[in-house]
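# Topology and contacts: notes
Chain residues, written in single-letter form:
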Amino acid sequence: MTEGNEKSPLEPCPKCGGEVVQAETLAGNTWLLLMKSRSAAALSLGLLRGTPVTARVCLACGYTELYATNPDVLK
Ligand SMILES: [Zn+2]
């Protein structure tokens, strides 16, 4: 598993070629999470494994791509 610590330049916007920056995502007042299934039982037991999502946003046109920070948990 690779950590995303290295600063690699983000690719330009696929729509307009503008500058793209990374941004955090929030759903209401909590992190937006991706998970394999939504299980109330697993949620109450704290067993849910999910991955936060970061966004890459074009500063010119607003085009946004979402990336799971830890997609391995969805395997
Ligand atoms: Zn753009």
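Shown above is the structure to which this text applies.
Now for a look at the structure at hand. Keep in mind that this is a model prediction, so the values were computed, not measured. (Residues numbered from 1 in each chain as written. Predicted model: local features only at pLDDT ≥ 70, side-chain atom pairs only at ≥ 80, totals over all residues. Heavy atoms only, no water.)

### So, the pattern of salt bridges
Counted by the stated rule, this structure contains one salt bridge. Between Asp72 and Lys75 there is a salt bridge, with the nearest N and O atoms lying 3.1 Å from each other. According to the relative accessible area criterion, Asp72 is partly exposed, its value standing at 34%. (Salt bridge = Lys/Arg side-chain N within 4 Å of Asp/Glu carboxyl O. Buried < 20%, exposed > 50% of the residue type's maximum accessible area, 1.4 Å probe, protein only.)

### So, the packing of aromatic side chains
As enumerated under the stated definition, the model contains zero aromatic pairs in all. Its guanidinium or amino end placed over the ring of Tyr67, Arg56 lies 3.9 Å from that ring's centre, counting from NZ or CZ. (Phe/Tyr/Trp six-rings, centres within 6.5 Å; stacked < 30°, edge-to-face > 60°. Lys NZ or Arg CZ within 6 Å of the ring centre and 35° of its normal.)

### Describing the side chain of Thr25
Mapped onto the elements, Thr25 comes out in the loop between strand 1 (20–24) and strand 2 (26–27). Here Thr25 falls in the buried class, since its relative accessible area comes to 9%. Polar side-chain contacts of Thr25 include one of 2.6 Å to the backbone oxygen of Val53. Every residue in contact with Thr25, bar those within four places of it in the chain, is listed here: Trp31, Leu32, Val53, Thr54, Ala55 and Leu66. (Helix = DSSP H or I, 4+ residues; strand = E, 2+ residues; numbered from the N terminus. Polar contact = N/O pair within 3.5 Å; in protein donor to acceptor, adjacent residues only side chain to side chain. Contact = heavy atoms within 4.5 Å.)

### Description of the side chain of Thr51
Along the chain, Thr51 falls in strand 5 (residues 50–58). Thr51 gets classed as buried once you look at its relative accessible area, which sits at 0%. Not counting residues within four places of it along the chain, the set of residues in contact with Thr51 comprises Leu32, Leu33, Leu34, Ala68, Thr69, Asn70, Pro71, Val73 and Leu74.

### Quick word on the coordination of the zinc ion
Every protein donor of the zinc ion is accounted for by Cys13 (SG), Cys16 (SG), Cys58 (SG) and Cys61 (SG), and the metal-donor separations fall at 2.3 Å. Geometry at the zinc ion is tetrahedral, judged from its four donor atoms and the angles of 102 to 116° they form at the metal. When the donor residues of the zinc ion are listed from N- to C-terminus, their spacing reads C-x2-C-x41-C-x2-C. Relative accessible area serves as the criterion here: at 5%, Cys13 is assigned to the buried category. (Donors = N, O, S within 2.8 Å, 3.2 Å for Na, K, Ca; no water. Tetrahedral: all angles 85-135°; square planar, octahedral: opposite > 155°, others 65-115°.)

### Some words on a nonpolar patch on the surface
A cluster of nonpolar side chains, Leu26, Trp31 and Leu33, forms an exposed patch at the surface whose accessible area comes to about 340 Å². Along the polypeptide, Leu33 turns up in strand 4 (residues 33–35). Relative accessible area serves as the criterion here: at 42%, Leu33 is assigned to the partly exposed category. (Patch = residues over 30% accessible without salt bridge, like charges linked within 9 Å, V, L, I, M, F, W, Y side chains within 5 Å. Areas by Shrake-Rupley, 256 points an atom, 1.4 Å probe, with all protein chains shown as cover.)

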